[in-house]
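So you can see what is in the structure, the chains are spelled out below.
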Amino acid sequence: MLWTPLTRTRPRGLFPLVLAVGGLMLTTTSCLGLSKSSGADARPAADAEVLDTQAPDTVAPTVAKTTEPTTTTSTTTTTSTTTTTTTTTTLPPTTTTEVPVLDRAIRAVGGRSGRETKRVQQRLLDLGFWLPKTSGRFDHATGQAVMAFQKYTGIRRTGRVDLTTARALTEATAKAQARTTNGNLVEVDKDRQVLFFVKDGVTQFVLNTSTGNGQYFLELNQKVDGKYEAGRAVTPSGKFKISRQRADGWWEGDLGKIYRPKYFNGGRAIHGSSRIPARPASHGCVRVSIPAMDMLWTLDWVGRGLRVWVYGEDVEAKNKPIPIPPPTTTPRSTSSTTTSSTTTTSTTTTTTLAPSPN
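Residues numbered from 1 in each chain as written. Predicted model: local features only at pLDDT ≥ 70, side-chain atom pairs only at ≥ 80, totals over all residues. Heavy atoms only, no water.

Draft legend 1. Quick peek at the overall build of the chain. Within the chain one finds four helices and 19 strands. Every one of the 358 residues in the chain was classed for burial, and the buried ones make up 39%. Of all intrachain contacts in the chain linking residues separated by at least 6 positions in sequence, the fraction that spans at least 24 positions is 60%. With the model as given, the accessible surface of the chain reaches about 20,300 Å², and the carbon-plus-sulfur share is 52%. (Helix = DSSP H or I, 4+ residues; strand = E, 2+ residues; numbered from the N terminus. Buried < 20%, exposed > 50% of the residue type's maximum accessible area, 1.4 Å probe, protein only. Contact = heavy atoms within 4.5 Å. Areas by Shrake-Rupley, 256 points an atom, 1.4 Å probe, with all protein chains shown as cover.)

The structure is reproduced here in C-alpha cells:
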C-alpha cells in the first residue's frame with residue numbers, strides 16, 4: 001500500500017490531512033450459456049434424451065480501470081497523483097498438441113495420386129484429420145480429409161490440394177482442437193461443417209460433414225406411396241445423446257437411404273452418405289462418408305449414451321413454407337354384360353413432418 005502525507009494551511013486546533021490511494025486487482029468470469037434452437041419441422045421425440053444446454057465455462061476478458069487524478073494544492077506546492085489499476089485476465093486451460101516440422105514443403109498435388117500424395121495423407125493424420133491409410137492414392141476418403149482441413153482452417157473448400165492448401169498444410173503447427181476439454185462426446189460445428197470426436201477430453205480426430213440446408217421442403221415419402229414429408233431442413237442446436245442405432249448397411253428412410261445411422265435427436269442421426277458436399281445440404285441429419293461411418297462403428301465409445309453437442313448458426317431460409325397438395329380423387333369404372341355400375345374410389349394424400357431427415 002502506497003501512502004503520501006499531504007499538508008495544507010489549517011486553522012489552529014486542526015490536524016494534518018492524510019490521503020492514501022491503493023490499487024485493486026479485479027478478476028471477472030462469465031459463464032457462456034448455450035440455448036437450444038429448433039426448426040419448423042423439429043418435434044420432441046420420446047427416444048431423444050436432451051441434456052442441459054450449458055456450455056463449458058469461459059473466462060471473459062476484463063477491462064483495465066483508471067482512477068481519476070487527485071490534485072491537492074497548498075499555498076506553496078501542488079501535488080498530482082494518478083493511480084492505474086492493472087487487471088489480470090485468466091484464460092481457460094487449452095490442450096494443444098504440436099506437430100512435427102516438415103523438412104520440405106508440401107507440394108500442390110491437386111487430386112493426383114503418387115508419392116507426394118502419401119506425404120499429404122500423413123500430414124493430414126498428424127494434424128488430426130481422419131484417413132483410413134496412407135496409400136498414396138487420392139481416393140474419396142482423402143478428398144474428405146482435405147476438405148475437412150480446408151473447412152477447419154477457413155480456406156477455400158475444394159477437396160483438392162491446391163497451392164493455398166499445400167501452404168497451409170506445410171505451415172500448420174498444432175493438431176485440430178475441439179471446444180471441449182473433458183469427457184467423451186461428438187461436437188457438430190455447423191459453422192465450419194466439421195465433426196470433432198473427443199475422448200477423455202482429448203480431440204481424437206475430425207471428419208468432414210454436411211448438416212441441414214435451412215430451406216423449406218415438400219417431398220414424397222420414399223416408403224409410403226402418396227405420402228408427403230414437409231418441413232424445414234435444419235439441424236437444431238443443443239446437447240443430446242445417441243439414443244438408438246442401426247448397425248447393418250443401408251436403411252430406407254422417409255426421405256432417402258441412410259447408412260448405419262446413430263440417432264441423437266428424434267429422426268436426426270449421424271449417418272453415412274455417398275454425398276458430403278462443401279456446404280450444408282441435408283434435411284437435418286449429419287452426414288459423413290461411408291468409410292468414416294464404418295470406422296465409427298469400430299469404436300466402442302461411439303455408441304448409445306455418447307453426448308452430441310450441436311452448435312453454430314442455421315442457414316437462412318430463402319424460400320417460404322411449401323403448401324401441402326390437396327387430396328386427389330381417381331375414378332374407376334367397371335361393367336358387365338347385364339348390369340352397369342360405376343365405382344368411385346377416393347384416395348387421400350397425407351402429410352406429416354419428416355421424422356427421418358437425411
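The discussion continues.
Draft legend 2. How the structure looks around the side chain of E116. Mapped onto the elements of the fold, E116 is located in helix α1 (residues 115-126). Classification of E116 as buried rests on a relative accessible area of 7%. Polar contacts involving the side chain of E116 include one to the main-chain amide nitrogen of R107, which spans 3.0 Å. In this view, E116 contacts R104, A105, I106, R107 and V109; residues no more than four positions away in its chain are not counted. (Polar contact = N/O pair within 3.5 Å; in protein donor to acceptor, adjacent residues only side chain to side chain.)

Draft legend 3. A look at the pattern of salt bridges. Considering all chains together, one arrives at eight salt bridges under this definition. D314 is the salt-bridge partner of K190, the closest N and O atoms lying 2.7 Å from each other. Of this pair, K190 sits in the loop between β5 (185-189) and β6 (194-199) while D314 sits in the loop between β16 (307-311) and β17 (328-335), and the two are 124 residues apart along the sequence. With relative accessibility at 28%, the residue D314 sits in the partly exposed group. Residue D254 pairs with K223 through a salt bridge whose shortest N-O separation is 3.3 Å. Of this pair, D254 sits in the loop between β12 (250-253) and β13 (256-265) while K223 sits in the loop between β8 (216-220) and β9 (228-232), and the two are 31 residues apart along the sequence. Via salt bridges that share partners, R104, R107, E116 and R119 belong to a single interconnected network. (Salt bridge = Lys/Arg side-chain N within 4 Å of Asp/Glu carboxyl O.)

Worth remembering: the numbers are spatial, not functional.
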